[in-house]
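The lines below spell out each chain.
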Amino acid sequence: MVNDWLSPEENVKACKEAGWEDVTFVDLTSDIRISFQLMLKKVEKILDAGNPDNIDEKLLTSYKQNLSNRIVQVDRGVFKWGVVHAKKP
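Residues numbered from 1 in each chain as written. Predicted model: local features only at pLDDT ≥ 70, side-chain atom pairs only at ≥ 80, totals over all residues. Heavy atoms only, no water.

**Student:** Would you mind showing me how to read the overall build of the chain here?
**Tutor:** On a plain count of helices and strands, the chain comes out with three helices and two strands. Put simply, the chain runs from its N terminus to its C terminus through helices and strands in the order α-β-α-α-β. Along the longest, intermediate and shortest principal axes, the C-alpha atoms of the chain span 55 × 25 × 20 Å. Across the 89 residues in the chain, those meeting the buried criterion constitute 17%. As displayed, the chain has an accessible area near 6,800 Å², and 53% of this comes from carbon and sulfur atoms. Averaged over its 13 positive side-chain charges, the chain has a centre that lies 2 Å from the centre of its 14 negative ones. (Helix = DSSP H or I, 4+ residues; strand = E, 2+ residues; numbered from the N terminus. Buried < 20%, exposed > 50% of the residue type's maximum accessible area, 1.4 Å probe, protein only. Areas by Shrake-Rupley, 256 points an atom, 1.4 Å probe, with all protein chains shown as cover. Lys, Arg positive; Asp, Glu negative; His and termini not counted. Charge placed at Lys NZ, Arg CZ, Asp CG, Glu CD.)

**Student:** I keep staring at a nonpolar patch on the surface and nothing clicks. Help me out?
**Tutor:** Among the surface-exposed residues, Ile-55, Leu-59 and Tyr-63 lie close enough to one another that they form a single nonpolar patch of about 240 Å² accessible area. On the basis of relative accessible area, Ile-55 is assigned to the partly exposed category, the value being 30%. (Patch = residues over 30% accessible without salt bridge, like charges linked within 9 Å, V, L, I, M, F, W, Y side chains within 5 Å. Salt bridge = Lys/Arg side-chain N within 4 Å of Asp/Glu carboxyl O.)

**Student:** Sorry, what's going on with the packing of aromatic side chains here?
**Tutor:** Each pair of aromatic rings is reported with the distance of its centres and the angle of its planes. Applying the stated criterion to the full structure yields two aromatic pairs. Note on Phe-79 and Trp-81: the rings are 6.3 Å apart at their centroids and 5 degrees apart in plane angle, and the pair reads as stacked. Relative accessible area serves as the criterion here: at 43%, Trp-81 is assigned to the partly exposed category. One aromatic cluster in this structure is built from Phe-36, Phe-79 and Trp-81. (Phe/Tyr/Trp six-rings, centres within 6.5 Å; stacked < 30°, edge-to-face > 60°.)

**Student:** For this particular structure, what's the right way to read unusual backbone geometry?
**Tutor:** Comment: phi is negative for the bulk of residues other than glycine, and the bulk of peptide bonds are trans. Even without a glycine there, the phi angle at Asp-22 is positive, about 50 degrees. Secondary-structure assignment places Asp-22 in strand E1 (residues 21-27).

**Student:** How should I be thinking about the side chain of Thr-29 in this particular structure?
**Tutor:** With respect to the helices and strands, the residue Thr-29 is situated in helix H2 (residues 29-48). In this structure the side chain of Thr-29 is engaged in a polar contact, spanning 2.4 Å, whose partner is the side chain of Asp-27. Aside from chain neighbours lying at most four places away, what touches Thr-29 is Val-74, Phe-79, Lys-80 and Trp-81. (Polar contact = N/O pair within 3.5 Å; in protein donor to acceptor, adjacent residues only side chain to side chain. Contact = heavy atoms within 4.5 Å.)

**Student:** Help me out: how do you make sense of H2 in this one?
**Tutor:** If you check H2, its first and last C-alpha atoms are 28 Å apart, about what 20 residues at 1.5 Å a residue would give, namely 28 Å. Inspection of H2 places Thr-29, Ile-32, Phe-36, Leu-40 and Val-43 among the buried residues, and these make up the whole buried set. Taken around the axis of H2, the buried residues stretch over an arc of 75 degrees, which confines them to a single face. Of the exposed residues in H2, those oriented more than 90 degrees away from the buried face are Ser-30, Leu-38, Lys-41, Lys-42, Lys-45 and Asp-48. Buried residues belonging to H2 abut E1 and helix H3 (57-76). Phi turns positive one or two residues past the end of H2, at Gly-50, with a value near 85 degrees. (Expected span 1.5 Å × (residues − 1). Arc of directions from axis to C-beta.)

Laid out in structure tokens, this is it:
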């Protein structure tokens, strides 16, 4: 896990300190959660169908676990996703 990512608030602060104006963070975390859920559903469908396209099973299993972990992180508030919106001075 990367431990030195800036939080949304820290990103906004860094942008302001760099001279950007009207800096805000647009939180799209709920959208990325849906994306993770849909990707997980697809991976599970491939695995349940017996992996008809012979995709690397280790890769699929890793995707399944990582996507499940990301969804939990979103639910716990650990994982945030969004856009920093600002104006160039």
